[in-house]
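An overview of the molecular structure
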Amino acid sequence: MHTISRLAKQFGLSRSTLVHYDTIGLLRPAGRSTSNYRLYDQVDVKRLERIVAMREAGLSLETIKELLQTEQPDQVVEALEFQLQQLHEQMGVLRRQQEKTARLLAHYGGNLVEKVMNKAQWVALMRSAGMSDEDMMTWHRAFEASSTTAHRHFLFSLGLEEAEVTMIQDQSKAL
């Protein structure tokens, strides 16, 4: 059995976090000591591992509680896919803010060193390697065929919006 302090330390959480999880019914201790201290067993440890992983993925405590109560893999997949889509959208917003900040920095004479690749830079790089539009579409088609998910993540990493990512993926599948 684990005490609340030991369990909190093991997961890098505060005691108050575990008390809160108990209060909202997310992680109830397996029992209590004779001094009424919370005690957690291995089942609780495994549950906390899932809670921490889902929190690190950005899921809300309410969503985590619902997912752990239902224990339906398809609902977990659905929630994680939704979360991933939300993250892609947030990354798009951040990418646009990054580009705007870089333009403002350049406008005001700042020293701008690009640290990320955007669509224009990627296309220019492919063209400098001698690739035509047809060659790039062949590249997309091969990427899409080998890993739809990785291809999608790559396209989002270039700062593309959902509509353009979907269009490129659809074109890659159609050819």
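Use the structure listed above.
Notes on the structure follow. Everything numeric in this text was worked out from a predicted model, so none of it was measured.

Rules behind the numbers
Residues numbered from 1 in each chain as written. Predicted model: local features only at pLDDT ≥ 70, side-chain atom pairs only at ≥ 80, totals over all residues. Heavy atoms only, no water. Helix = DSSP H or I, 4+ residues; strand = E, 2+ residues; numbered from the N terminus. Rg over C-alpha atoms; globule rule 2.2 N^0.38 Å. Buried < 20%, exposed > 50% of the residue type's maximum accessible area, 1.4 Å probe, protein only. Areas by Shrake-Rupley, 256 points an atom, 1.4 Å probe, with all protein chains shown as cover. Lys, Arg positive; Asp, Glu negative; His and termini not counted. Charge placed at Lys NZ, Arg CZ, Asp CG, Glu CD. Core = buried A, V, L, I, M, F, W, Y, C linked by side-chain atoms within 4.5 Å. Contact = heavy atoms within 4.5 Å. Arc of directions from axis to C-beta. Salt bridge = Lys/Arg side-chain N within 4 Å of Asp/Glu carboxyl O. Pairing = 2+ DSSP bridges. Patch = residues over 30% accessible without salt bridge, like charges linked within 9 Å, V, L, I, M, F, W, Y side chains within 5 Å.

A word on the overall build of the chain. Helix and strand counts for the chain stand at nine helices and three strands. Beginning at the N terminus, the succession of helices and strands in the chain can be written as β-α-α-β-β-α-α-α-α-α-α-α. Computed over C-alpha atoms, the radius of gyration of the chain comes to 23 Å, more than 25% over the 16 Å expected from 2.2 N^0.38 for 175 residues, which places it beyond the range of a compact globule. The principal-axis extents of the C-alpha atoms in the chain amount to approximately 75 × 45 × 25 Å. For the chain, with 175 residues in total, the buried portion stands at 29%. For the chain, the computed accessible surface area is about 11,200 Å², with 56% contributed by carbon and sulfur atoms. Of the charged side chains in the chain, 21 are positive and 22 negative, and the gap between their average positions amounts to 9 Å.

The backbone phi angle of N36 is positive, close to 70°, even though this residue is not glycine. Here N36 lies in the loop between β2 (31–32) and β3 (38–40). The phi angle at E71 is positive, at roughly 55°, despite the residue not being glycine. Tracing the backbone through its elements, the reader meets E71 in the loop between α4 (61–70) and α5 (73–107).

Further remarks concern the nonpolar core. The biggest cluster of nonpolar side chains holds 19 residues, and the ones touching the most others in it are L7, L18, Y21, L27, L48, I51 and I64. With five residues, the single largest contributor to this core is helix α3 (residues 42–56). When near neighbours in sequence (up to four residues on either side) are disregarded, Y21 contacts L26, L27, L48, I51, R55 and L61. In this structure, M136, L155, L160 and V165 belong to the second largest nonpolar core, which totals nine residues.

On to helix α8 (residues 148–157). For α8, the set of buried residues is H151, L155 and F156. For α8, the angular spread of buried residues about the axis comes to 135°, placing them on one side. Turning to α8, the residues buried within the fold contact α5, α7 (133–146) and α9 (162–174). Two residues or fewer after α8 comes G159, characterised by a positive phi angle close to 90°.

This part covers the environment of V43. With respect to the helices, strands and loops of the structure, V43 is situated in helix α3. Residue classification places V43 among the exposed residues on the basis of a relative accessible area of 62%. The spatial distance from the C-alpha of V43 to the C-alpha of F156 is 38 Å, given a sequence separation of 113 residues.

Overall, the coordinates contain 10 salt bridges when judged by the stated rule. Here the salt bridges share partners, and the residues they tie into one network are D22, R28, R32 and R38.

Hydrogen bonds between backbone groups are what pair the strands of a sheet, and the pairing can be parallel or antiparallel. Read from one edge of the open sheet, three strands run β1-β3-β2, paired in antiparallel fashion. What marks the edges here is a single partner per strand, and that holds for β1 (2–3) and β2. Where β1 lies against β3, two bridges are found, and the strand directions are antiparallel. Within β3, the position partnered with T3 by the bridge is L39.

Right, let's talk about a nonpolar patch on the surface for a bit. On the surface, a nonpolar cluster with roughly 240 Å² of combined accessible area is contributed by L84, L87 and M91. Mapped onto the secondary structure, M91 falls in helix α5. Looking at M91, the relative accessible area reads 46%, which means it is partly exposed.

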